[in-house]
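Results of the structural survey
The lines below spell out each chain.
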Amino acid sequence: MSPSEPVPVALIVEDNADNMLLTRAVLRRAGYQAVEAHSAEEALEQLGNCTPDLVLMDIQLPGRDGLSLTRELRTRLDLADTPIIALSAHAMADNQVAAADAGCDGYITKPIDTRTFGGQLAAALEARKSRSAAL
Ligand code: MN
C-alpha cells in the first residue's frame, strides 16, 4: 500500500471479547484500521461516524442479531456495496444460506484461526469482486 492511499476501515461487530481481540489483530495485520462495536446498536452508532470499507459481522449478538442488522445495512445507500462478512460458530449450510440471503458476502466459521483468517477474508473479498464483475 502506498503512503498516499487512505487506510481502509473495517467495522468489527462482535460481542465476545476474545473474538474481538483476535479479529482486530488479524485485520490490523491485513492493513485495516479497526472500528469496534459490541452490539447491533453500537454498530449503528459507529456507522454514524464512519463509512467502513469492510464489515465483519458476528451473527449471534445480544439483543438484535447480525442478520437483522445486515438486512438494515443493505438498505443504506452508503453501505450497499460494502463487503459484509459473517462470523458464526455455526458451520451448517443452512446458516450460511441465511447469511447470504440477509446480504452477507462471505461466511467465516468461529473459532477464528489466526493462521487462516487472512486467507479466508481475502477469498471472500475476491469472490465478491468476481460476482460484482459478472453483473
Ligand atoms: Mn456473538
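Further up the page is the structure itself.
The residue numbers shown here count from 1 along each chain, following its written sequence. Owing to the predicted nature of the model, reporting of local features is limited to residues with pLDDT of at least 70; listing and counting of side-chain atom pairs is limited to 80 or more, with chain, interface and lining totals taken over all residues. In computing side-chain values, all of the structure's heavy atoms are included and hydrogens and water are not.

The salt bridge definition used is simple: a Lys or Arg side-chain nitrogen within 4 Å of an Asp or Glu carboxyl oxygen. Inspection of the entire model under this criterion finds nine salt bridges. Here R128 and D105 are joined by a salt bridge, their closest N and O atoms 3.1 Å apart. Taken together, the positions of R128 in helix 5 (residues 114–134) and D105 in the loop between helix 4 (93–102) and strand 5 (106–109) put the pair 23 residues apart, joining distant regions of the chain. Residue R128 is classed as buried on the basis of its relative accessible area of 16%. By relative accessible area, D105 is classed as buried at 16%. Working definition: helices are DSSP H or I runs of at least four residues, strands are E runs of at least two. Numbering for both runs from the N terminus. Whether a residue is buried, partly exposed or exposed follows from its accessible area with a 1.4 Å probe, protein chains only, as a fraction of its type maximum: under 20%, in between, or over 50%, in that order.

Looking now at the state of the cysteines. Cysteine sulfur atoms are paired as a disulfide whenever they come within 2.5 Å of each other. Summed over all chains, the structure comprises zero disulfides. Among the cysteines around C50, which has no disulfide bond, C104 carries the closest sulfur, lying 18 Å off. Residue classification places C50 among the buried positions, given a relative accessible area of 18%. By relative accessible area, C104 is classed as buried at 8%.

Below, the discussion takes up the side chain of T82. Within the secondary structure, T82 is located in the loop between helix 3 (66–73) and strand 4 (84–88). We classify T82 as buried; its relative accessible area is 7%. Contacts are assigned to residue pairs with any non-hydrogen atoms lying within 4.5 Å of each other. With near-sequence residues (within four places) excluded, T82 lies in contact with P52, D53, L54, V55, R74, D105 and R128.

On to the pairing of strand 1 (residues 9–13). Buried residues dominate strand 1, accounting for five of its five residues. Residues of strand 1 alternate between two faces, with V9, L11 and V13 on one and A10 and I12 on the opposite face, all of them buried. Here five bridges tie strand 1 to strand 2 (residues 33–37), and the two strands are oriented parallel to one another. The residue bridging L11 from the neighbouring strand is V35, located in strand 2. Orient the strands so they point away from the viewer, and a crossover whose first-strand-to-second-strand path over the helix runs clockwise is right-handed. In the classification by handedness, the crossover that spans strand 1, the intervening helix 1 (residues 17–29) and the parallel strand 2 is right-handed. In this scheme, strands are said to pair when DSSP sees at least two bridges between them.

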